[in-house]
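Topology and contacts: notes
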Amino acid sequence: MIDPGHNGENWRHTAEIARPIAVPNGQKPCDTTGTTSTSGYAESAYNLDVARLLVPMLSGRGMRVLMTRTDNLGWGPCIDQRVDVANRAAADAVISVHADGWPAGRGFSVLYAAPASGSAAASDALALANRRLAVAVRDAFARQTGLPYSTYSGRDGLTTVPYPTLYRVPEVLVETANMRSPTDAALLDDPGFRAKVAAGLAGGVSAFLAGGG
């Protein structure tokens, strides 16, 4: 499943997207507006542009591909609705496509849910699959795009978030670049580079499903 983050009309629906959603470690808002690049490229549009490139790359390899949204004209869906699509489909892998808006630094990072060190959940099958997917995507993405690991988030291109999450299937969120970095933003403006971004994500999914990572 491909989850293009945010949506084009989220900014018009601030009350709706601010609605709290229960998650295992507390609450999160239904959604957020996302960021905008230094050139004015909205993250919601970028995420969808990459997702649309990614779909045929995966389906061309024999995969059945689902998307949480197919246009940039609405708001949401809320995070629990996005998760529900994946869980109901028993997706083999979920890629959440994003781009960061950090005020300084550049590069990409793959976020995945990981248990606290030494916890009983550390050997949980889903936790292990999350990390394997994250590593497979990180390695393929770096090779395909040439982007550096994030200079401000995580370590070695990987960032952990609290485990468990609402997902019952392997999932990663990829901050594919920093849209507030002029260097990264110029790359993301290039359709040819966005194709490399999609190819990197496709390569990571393929490697994971083949047992890599």
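This write-up is about the structure you can find in this document. Keep in mind the model is a prediction, meaning the values are calculated, not measured. (Residues numbered from 1 in each chain as written. Predicted model: local features only at pLDDT ≥ 70, side-chain atom pairs only at ≥ 80, totals over all residues. Heavy atoms only, no water.)

**Notes on helix H6 (residues 191-209)**
In plain terms, the rule: Numbering of helices and strands runs from the N terminus, with a helix taken as a DSSP run of H or I at least four residues long and a strand as a DSSP run of E at least two residues long. Expected helix span is taken as 1.5 Å per residue step, with the number of steps being one fewer than the number of residues. Residues are treated as being in contact if the distance between any of their heavy atoms lies within 4.5 Å. In the analysis that follows, any N or O atom pair within 3.5 Å is treated as a polar contact, provided that within protein one partner can donate a hydrogen and the other can accept it, and provided that, for residues neighboring in sequence, both atoms belong to side chains.
Compared with the 27 Å implied by 1.5 Å per residue over 19 residues, the 27 Å span of H6 between its first and last C-alpha is a close match. Where H6 is buried, its residues meet helix H2 (43-59), strand E4 (94-100), helix H4 (125-145), strand E7 (171-178) and helix H5 (182-188). Capping of H6 at its N-terminal end is provided by Asp190; its side-chain oxygen lies 2.9 Å from the backbone amide nitrogen of Gly192. Looking one or two residues past H6, Gly211 carries a phi angle of roughly 100 degrees, positive in sign.

**Re the packing of H4 against H6**
Each pair of packed helices gets described by two things: the angle between the helix axes and the distance between those axes. Applicable threshold: Angular values range over 0 to 180 degrees, each being the angle between N-to-C directions of two axes fitted as lines to C-alpha atoms, with helices fitted over their stretch in contact. Crossing handedness is read from the near helix: turned anticlockwise from the far helix by less than a right angle, it gives a left-handed crossing, and turned clockwise, a right-handed one. Charged means Asp, Glu, Lys or Arg here, nonpolar means Ala, Val, Leu, Ile, Met, Phe, Trp, Tyr, Cys or Pro, and polar covers whatever is left, Gly included.
The interhelical angle for the contact between H4 and H6, taken along N-to-C directions, is 145 degrees, at an axis separation of 7 Å. In this structure, H4 meets H6 at a crossing whose hand is right-handed. Counted together, Ala129, Arg132, Leu133, Ala136, Val137, Ala140, Phe141, Gln144 and Thr145 of H4 and Phe193, Lys196, Val197, Ala199, Gly200, Leu201, Gly203, Gly204, Val205, Ala207 and Phe208 of H6 form the full contact between these two elements. A breakdown of the residues in the contact of H4 with H6 according to their chemical character gives 13 nonpolar, five polar and two charged.

**Describing the packing of aromatic side chains**
Formally: Pairing of aromatic rings covers Phe, Tyr and Trp, the last counted by its six-membered ring, and requires centre-to-centre distances within 6.5 Å; plane angles under 30 degrees mean stacked, over 60 mean edge-to-face, and any other angle means tilted. We call a residue buried when its accessible area falls under 20% of the maximum for its residue type, exposed when it is over 50%, and partly exposed in between, using a 1.4 Å probe and counting protein chains only.
Applying the stated criterion across every chain, the model contains four aromatic pairs. Ring centres of Phe108 and Phe141 lie 4.7 Å apart, and the angle between their planes is 55 degrees; this geometry places the pair in the tilted category. Within this pair, whereas Phe108 is found in the loop between E4 and strand E5 (109-114), its partner Phe141 is found in helix H4, the two being separated by 33 residues in sequence. Taken individually, Phe108 and Phe141 each receive the classification buried, so the pair is uniform in this respect. Chaining the aromatic ring pairs together yields one cluster made of Phe108, Phe141 and Tyr149.

**Comments concerning the side chain of Glu175**
Operational definition: The positive count covers Lys and Arg only, the negative count covers Asp and Glu only, and His and the chain ends enter neither. By salt bridge we mean one thing: a side-chain nitrogen of Lys or Arg within 4 Å of a carboxyl oxygen of Asp or Glu.
Summarising the element assignment, Glu175 is placed in strand E7. There is no salt bridge for the buried Glu175, and the closest opposite charge comes from Lys28, which lies 10 Å off by N-O distance. When neighbours within four sequence positions are excluded, Glu175 is seen to be in contact with His98, Ala99, Asp100, Gly107, Phe108, Ser109 and Leu111.

**Re the pattern of salt bridges**
Under the criterion given, the structure shown has six salt bridges. One salt bridge in this structure joins Arg12 and Glu9, with 2.5 Å as the shortest N-O distance. Among the salt bridges present, the one from Arg106 reaches Asp184, with a minimum N-O distance of 2.7 Å. Separated by 78 residues along the polypeptide, Arg106 in the loop between E4 and E5 and Asp184 in helix H5 bring together distant segments of the chain. By relative accessible area, which is 26% here, Arg106 ends up partly exposed. The network of salt bridges with shared partners includes Asp3, Asp31 and Arg82.

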